[in-house]
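Overview (structure and organization)
Letter by letter, the chains look like this.
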Protein chains: 2
Amino acid sequence: MSSTIERERLVAAVREFNRFYTQRIGVLHEGLLASPFSLTEVRVLYELAQGDQPSASELGRALGLDAGYLSRILRGFEAKGLIVRTPSAADARQSHLALTAEGEAAFAELDARSSAEVAALLASLPPADGTKLADAMATIERLIARATGAAPFVLRQPVAGDFGWVVHRHGLLYAREYGWDASFEGLVAEIVGAFAKDHDPARERCWIAEKDGQVAGSVFLVRASDEVAKLRCLYVEPDARGLGIGQRLVDTCTRFAAQAGYRRITLWTNDVLVSARRLYEAAGYRLIASEPHHSFGHDLVGQTWELDLAGAVASH
Amino acid sequence: MSSTIERERLVAAVREFNRFYTQRIGVLHEGLLASPFSLTEVRVLYELAQGDQPSASELGRALGLDAGYLSRILRGFEAKGLIVRTPSAADARQSHLALTAEGEAAFAELDARSSAEVAALLASLPPADGTKLADAMATIERLIARATGAAPFVLRQPVAGDFGWVVHRHGLLYAREYGWDASFEGLVAEIVGAFAKDHDPARERCWIAEKDGQVAGSVFLVRASDEVAKLRCLYVEPDARGLGIGQRLVDTCTRFAAQAGYRRITLWTNDVLVSARRLYEAAGYRLIASEPHHSFGHDLVGQTWELDLAGAVASH
DNA sequence: TCAGATCGTTGACACTGTCAACGGTATCGA
DNA sequence: TCGATACCGTTGACAGTGTCAACGATCTGA
C-alpha cells in the first residue's frame, strides 16, 4: 500500500526530471547555433574524436541514429575534409572512420566552447554544489545504465585526474597481486608523465575505459619510431574483467596505429601476466623475444610481442 | 591548482551526463512513435493539462518554443477538438488555452503510457535504487534551476502523497503561528479527503506549487453550486513567500473557474490571516460578510469573500 | 553453395523548427 | 490625446532533421 504510493511518487519525480532535462538539452542546443554543426553532428564528431575508428554502423548504434541519416552526415563531413575513411581489411563492406587534422581542429573548437559553457554553469554554483551535481549525475547514469542493460563500458580520452589514476592503480594492483615494489609504480609514473607532458595527438594516444561512471581501464599507444608504435600500460580493473574491456582497448590501439601510418606495434610485458598475454595473442600479436631480468624486486621473464599491421587490421 | 583539476573533472562529468541524457531522451521519444503526437506536442499537452489556462505566449516561453511553431501546433489541436480558446478579458490579443474533454482523454492516455514506461524502468531497479535515482534527479534539478535562475516555482496537478502534505502543513503552520488546535487540521483533512475521494475534474481542481523540487503551496477549487465555485485551502510555505506563488494560485483558480462556467468564486477565511487577505483583494475579491465565531480553540472573526467572474477575469 | 543477414547508400518524404513580416492591440511618455 | 514602440498571435517561405523502404555488395552459417 504505502509502497504503491511511494512508487507513484518516484514515477512522478522521474518524469518531472525528464521534462526538465528535455528542456535543458534544448537550451544546450542553442549554444551550438553559432556553429555550423547541428546537435546530432556534434554528437557524431564527439564520438569520432574518441579516436577508436568506428565503422558507420557502430557509430549509428552507439548514438541511436538512422543509418541513412548518418550516411548523409558522414558524406557531408567527408566533403568538408573533416573525416577520412579507411576500408576495413576484415570486412569489405565497412570503413573505419577517423577525424582529419581539420576535423580535430573543428572538434577542438566545439569542445572548448562546450567546456566553457559547462564551466560557466559550475562557476555560478557554490563549489560544494558542483561536486554534488556531478555526483548526482554519476548516480543517475550508473543506475539507469544498469537498469537498461546499456553498454557496460565506454572508451574516452583522458581528462584531468586520469593520469594519476593510472599510476595509482598500476602500483596498487601489481604490488598486491605480484608483490612488485615501488620501482614499478615509478616506471609507470615516468611513462604516463612523459605522455601527459607532451605527445603528438596525431600519432600518440591514451584511452580510458569507464564503467558505471568509474574508471575501469587504460591503455597508451606511443611512438617508438616512424614505423613502429608501442603499446603501454594496458590495465583493466580486476572487478571489470570479462567484459571485453581489454580486448576493446587493444583493438582500439590497433586501429589507431594503422590509421596513423605505423607499420607495426610492439609491446613489452612479463610472462607472469597471463591474462594480458591471452589478449595479445587473440589480437594477432606474436611473441618475438623473451629474456629474464631482475626488476621490481623479483626475478621475471620479460617478453616482447609484435603485431604486423600490413595484413592484420582487426575488425570491430 | 588542485581546484583547477577538480573543476576540469566536474566539467567532464557534467558533459558526459549531458551526452548520456541526450541519448536517453531520444529513446524516450521512441516510446511516442506509436502515438499521433510528436515530443513537442506532448510537452504542450502536458503543460495544458496542468489546467492553469496559459496564453500562447506564456506556453511558448515556458517550453522554449518558437511562437510560429506553437501557433501551428495549437491550430492542429483546435482542429482535432483537443483544446478551446477563451479570449482574455484583460488583453484582447491573448486567449486562454484549455483542454477539452477529448483533449483530457488524449492526454490521459499518453500520461498513462509514459507513467507505465517509467514505472517499468523503476521496477527493474532494486527499490532502494529507485529512491536514490529520484533523489539524484531532484538534486540536479534544484542545483541547475538555482544556477540558471529559472522560474522559481511551477504549478502542477497533485500526485500521490501531496494530499497528506497539504493536511500536514496546514496543521503545523496554523498551530505554530496562531495556536489553532487539532480541529483545524481535522477540517482540512476532511476537505482534502473529500476531494481526493471524488471530484469532477471538469469543474473541480487542486494545484500544487513546487519550488526546487519541494512542495511549496497548494489551493483547491471546488463546486459550491452550479454557478458558484469555492476556493479552499490556499497555502504557501513560509520560506517560499514573496515569490508570487499565492497570487499565481489564486489567479489560476480564477481562470479555471471562468472557463469551467462558474459565475463567481466564494471563499471563507479569518481576519487574522492578513497576507491571504491581501492576495484576495489584489485579485479583485470583495468582502461580503464577517461574523465572529469560536473555533479551533480561539475566538475568531470569519470572513466571506467573493469574486464576480463576469467582468473581472484576471489576466496573466 | 545458397538463404538470409548486415553494411552503407540512396530517393522520397513528412515532420520539426526558424525567420521575417503582418495586422491588431497594449503601453507609456510627451 | 497622440504617436512611438513593444508585444501577441498568425502566416508564408524555407532549411534542417529524421524516417522509411529499397538496393547492391558483402558476409555468415547451415
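This structure is a prediction, so every number in the text was calculated from the model and none was measured. (Residues numbered from 1 in each chain as written. Chains lettered and ligands numbered in written order. Predicted model: local features only at pLDDT ≥ 70, side-chain atom pairs only at ≥ 80, totals over all residues.)

It is worth spelling out the pairing of strand S7 (residues 264-270) of chain B at this point. Residue and element names in this part refer to chain B. With 4 bridges joining them, strand S6 (residues 228-236) and S7 adopt parallel strand pairing. Paired with Leu231 across the bridge in S7 is Leu267. Note: S7 against strand S9 (residues 298-308), 7 bridges, orientation antiparallel. Its bridge partner being in S9, Leu267 is matched across the sheet by Trp305. (Pairing = 2+ DSSP bridges. Helix = DSSP H or I, 4+ residues; strand = E, 2+ residues; numbered from the N terminus.)

For the rest of this paragraph, the subject is the packing of helix H6 (residues 127-147) of chain A against helix H6 (residues 127-147) of chain B. At a closest axis distance of 9 Å, the pairing of H6 of chain A and H6 of chain B adopts a crossing angle of 140 degrees. Viewed along their axes, H6 of chain A and H6 of chain B adopt a mutual orientation that is oblique. Two packed elements cross with a definite hand, and for H6 of chain A against H6 of chain B that hand is left-handed. Within the contact between the two elements, H6 of chain A uses Asp129, Lys132, Leu133, Ala136, Met137, Thr139, Ile140 and Leu143 of chain A and H6 of chain B uses Asp129, Lys132, Leu133, Ala136, Met137, Thr139, Ile140 and Leu143 of chain B. Among the residues making up the contact of H6 of chain A with H6 of chain B, the classes are represented as 10 nonpolar, 2 polar and 4 charged. (Axes fitted to C-alpha atoms, helices over the stretch in contact; angles between N-to-C directions. Parallel < 35°, antiparallel > 145°, perpendicular 65-115°, else oblique. Left-handed = near helix turned anticlockwise from the far one by under 90°. Contact = placed C-beta atoms within 7 Å. Nonpolar A, V, L, I, M, F, W, Y, C, P; charged D, E, K, R; others polar.)

Neighbouring DNA strand D are 20 residues, the closest being Ser38, Gly68 and Tyr69 of chain A together with Ser57 and Gly68 of chain B. Going through the elements one at a time, helix H4 (67-79) of chain A together with helix H3 (56-63) and helix H4 (67-79) of chain B are the ones with two or more residues in the surface near DNA strand D. (Near = placed C-beta within 6 Å.)

Here the focus is the interface of chain A and chain B. Each side of the interface is counted separately: chain A has 51 residues, and chain B has 51 residues. Secondary-structure elements contributing two or more residues to the side of chain A that touches chain B are helix H1 (2-30), helix H5 (101-123) and H6 of chain A. For the side of chain A that touches chain B, the per-class residue count stands at 30 nonpolar, 12 polar and 9 charged.

What follows concerns the confidence of the model for chain A. Residue and element names in this part refer to chain A. For chain A, per-residue confidence averages 85 on the pLDDT scale, and 94% of positions sit at 70 or higher. The secondary-structure element of chain A with the lowest mean pLDDT is H1, recorded at 77, while strand S6 (residues 228-236) shows the highest, at 94. Every residue in residues 312-316 is under pLDDT 50, and counting partners more than four places away or in other chains gives 16 contacts. (pLDDT = per-residue confidence, 0-100.)

All names here are of chain B. Ordered in space as S3-S4-S5-S6-S7-S9-S8, the 7 strands form an open sheet in which the pairing is mixed. The open sheet has two edge strands, strand S3 (154-156) and strand S8 (286-295), and neither has a second partner. Within the sheet, the average angular offset between the axes of one strand and its neighbour, ignoring direction, is 25 degrees. Sheet topology places strand S5 (residues 214-223) next to S6; 6 bridges connect them, and they run antiparallel. Across the sheet, residue Ser218 finds its bridge partner in S6, namely Tyr235.

The immediate surroundings of DNA strand C are formed by 20 residues, with Ser57 and Gly68 of chain A together with Ser38, Gly68 and Tyr69 of chain B found nearest. The set of elements that each furnish at least two residues to the surface near DNA strand C consists of helix H3 (56-63) and H4 of chain A together with H4 of chain B. The biggest single contributor to the surface near DNA strand C is H4 of chain A, with 6 residues. Its residues assigned to classes, the surface near DNA strand C comprises 5 nonpolar, 9 polar and 6 charged.

If you rotate chain A by 180 degrees and push it 0.0 Å along the axis, it lands on chain B with an RMSD of 0.1 Å. Within this description, the copies of the chain are treated as partners about a two-fold rotation axis. Considering only C-alpha atoms, the residue of chain A closest to the rotation axis is Ala136 of chain A, which sits at 2.3 Å. Here 100% of the interface residues in chain A have copies in chain B that are interface residues too; the copies meet face to matching face. (Least-squares fit on C-alpha atoms with pLDDT ≥ 70 in both.)

With that settled, consider the packing of helix H2 (residues 39-49) of chain B against H3 of chain B. Between two packed helices, the angle of one axis relative to the other and the distance separating the axes together describe the packing. Residues and elements named next belong to chain B. It is the contact of H2 with H3, at a shortest axis distance of 11 Å, that shows an interaxial angle of 120 degrees. Overall, the two elements H2 and H3 adopt an arrangement that is oblique. In the crossing of H2 with H3, the sense of the turn from one axis to the other is right-handed. Listed contacts from H3 to Arg43, Val44 and Glu47 of H2 are Leu59, Ala62 and Leu63. Tallied by class, the residues present in the contact of H2 with H3 amount to 4 nonpolar, no polar and 2 charged.

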